[in-house]
Amino acid sequence: MSDETEKTGKTGEAPSRRAFLKGAALAGGAAMVPASVRAEPDPLITEVQPWAQFLGEGVDARPYGTPSPHEAHVRRRHVEWLTADPISSVNFTPLHELDGIITPNGLCFERHHAGIAEIDPGDYRLMINGLVDNPLVFTLQDLMRFPRENHVYFLECAANSGMEWRGAQLNGCQFTHGMVHNVMYTGVPLRLLLQEAGVQTSGAWVLPEGADASAMTRSVPLEKALDDCLVAFKMNGEMLRPEQGYPVRLVVPGWEGNMWVKWLRRIEIGDQPWHHREETSKYTDLFSDGRARRFTWEMDAKSVITNPSPQAPITHGPGPTVVTGLAWSGRGTIPRVDVSLDGGMNWVQARMSGPSLDKSLHRFYHEFDWDGRPLLLQSRAHDSTGYVQPTKDQLREVRGVNSIYHNNGIQTWAVDETGVTENVEVS
Ligand SMILES: Nc1nc2c(c(=O)[nH]1)N[C@H]1C(S)=C(S)[C@@H](COP(=O)(O)O)O[C@H]1N2
Ligand SMILES: [Mo]
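In this text, all values refer to a predicted model and were calculated from it rather than measured experimentally.

Q: A description of the site of ligand 1 should follow, citing residues and the corresponding values.
A: As a structural note, the neighbourhood of ligand 1 is formed by 22 residues, with Phe109, His113, Asp212, Arg249 and Lys262 the closest of them. Side-chain polar atom of His113 to an oxygen atom of ligand 1: 2.8 Å apart, as the coordinates give it. Residue Asp212 places a side-chain N or O atom 2.7 Å away from a nitrogen atom belonging to ligand 1. Burial of ligand 1 by the surrounding chains reaches 100%, relative to a free accessible area of 530 Å². Assessed atom by atom at 2 Å from the grid points, ligand 1 resides in the largest cavity. At three residues, strand E2 (residues 110-112) tops the list of elements feeding residues into the shell around ligand 1. Split into classes, the residues belonging to the shell around ligand 1 amount to eight nonpolar, eight polar and six charged.

Q: Describe the sheet that holds strand E20 (residues 362-370), and please don't skip the residues or the numbers.
A: Read from one edge of the open sheet, four strands run E15-E16-E20-E19, paired in antiparallel fashion. Sheet topology places strand E15 (302-307) and strand E19 (351-352) at the edges, where each strand pairs with a single neighbour. Both E15 and strand E16 (residues 319-328) contribute to a ladder of five bridges, which runs antiparallel. Residue pairing across strands places Asn307 opposite Thr324, the latter belonging to E16.

The rules behind these values
- Residues numbered from 1 in each chain as written.
- Chains lettered and ligands numbered in written order.
- Predicted model: local features only at pLDDT ≥ 70, side-chain atom pairs only at ≥ 80, totals over all residues.
- Heavy atoms only, no water.
- Near = heavy atom within 4 Å.
- Polar contact = N/O pair within 3.5 Å; in protein donor to acceptor, adjacent residues only side chain to side chain.
- Areas by Shrake-Rupley, 256 points an atom, 1.4 Å probe, with all protein chains shown as cover.
- 1 Å grid on protein atoms, 1.4 Å probe; cavity = no way out; pocket = protein on both sides within 12 Å on 5 of 7 lines; lining within 4 Å.
- Sits in = over half its atoms within 2 Å of the grid points.
- Helix = DSSP H or I, 4+ residues; strand = E, 2+ residues; numbered from the N terminus.
- Nonpolar A, V, L, I, M, F, W, Y, C, P; charged D, E, K, R; others polar.
- Pairing = 2+ DSSP bridges.

Below, the structure written as C-alpha cells:
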C-alpha cells in the first residue's frame, strides 16, 4: 500500500511526483478491470431474453416517471428511536445509493418540526413587514414575475452526525451523514423583494417564518439576506416537493439547514436578533464548561466516504476497488479531498469529478487494488479557504462532548477481509 499512497501525515503535503505518475498510469489504463471470461456459454448472451420477446409499455404508461422496481431499496429511512413521533422527525438521504452531486427530489432528506404543511399554491402568500417603507404581500404569481436565478447548493442540518459526538453509533452513512441534500434551486434573490419593500436604515436583521404549525423562525443578518439568499420555488427544475416547503422556501447558502425556512409565509425586518426558540434552546453549541456559542451559522468543511460504507459493503473480493464519497463546505468550494486506507496514517489525494460549485456537494473517487486485508477508510476535505476537516478527537478537544450540532469530524469505516463494513472510531 505504501507504494500507492502518499506519506503526508496529518497536515497533508503536495502529492509526490511518484504518486502523480502512478495516478496518471491508472487514469489512462482502462485495462485495469479485466472483463470476466467464462468457459460455459452464458444464456444471458446466447438466448433471447423476455424483454426482447414481448413489446414493452407505451409512452402513455408513465406520465410521471418513477425508478425501476429493482431500485426499491433506494429510499429515505428514519431511525426509530431517535424521535418520539414521525411528525417532528427526520428521514435521511440514502447517500450510499447515489452518485454525482445532485440529490434526486424524492430522496432529499426531510426534517419537519410539525409535519408537512399542505398548501394550495392559490392560497399562498408571502408577507414582508417590520422596518420597511412599504409592507408587502406577494402571491406565488407575483414572485414569479421577479427576475430568477439558478444555483446548486447543499442543505445540511446542523444536527447531521450529531449522534456521533460521543462515539461511533449509527451503522450507515445514510444515518451518520444523510441530513444533507444538494439540488439546483430556482428562485428570486431575497434582495430584490427587500428592495421592493424598502428596508429602513435601522433594519439590520430579518426573521423568516414558516406557515406550518411549527412557525419556524430564525434571525438572519440583513447582510446575508442581501448577499445570496433565495426565495425559491423550484428544485431540480420542478416545483418544490411538499416535504421541502412547497410552494416556497428560503435558501440560505452555506448556512445551517434550520435557517432554510420552508413554507415561507412572512419576513420581518428588525434591528436586532429575536432569539427565538430555534436559536436559543436549540441550534446553539454547548461547550464543556457550560457556556454556549450564540450563533453558528456556517457549515464547516466536511466529507464522507459513501462507498464502501456499512450499508454498501465490498462484495467483489480483492482486486480493483472504487472508493467514492462527498465533500462540501459552507465557505466555498472543495479543491481537494484526501483518502486514507489505514485510519489516517497515510493519505492519498482523491480524484475530484463533476462540477466544483460554491457551497455545493463535490464528488470524489479513489480507485485502488484491494489486497483483501482489513481497511480503515477515511476522507478529509480541504476547502477553498484552506480549512482542513478535523479529526473527531481534534473537534472534541475544542468543543467537548455536550454538542449535538456542527460535527464535521473525519469519519472512519472499518472494512474486514470479507468486505463487511462498520462504523468505528480510531484515535
Ligand atoms: N417551516 C419550517 N421550516 C423548516 C423546518 C421546519 O420544521 N418547518 N425544519 C428546518 C430544519 S431543522 C432543516 S434541517 C431543514 C430541512 O430541510 P429539508 O426538509 O428540505 O431537508 O428545514 C428547516 N426549515
Ligand atoms: Mo435541522
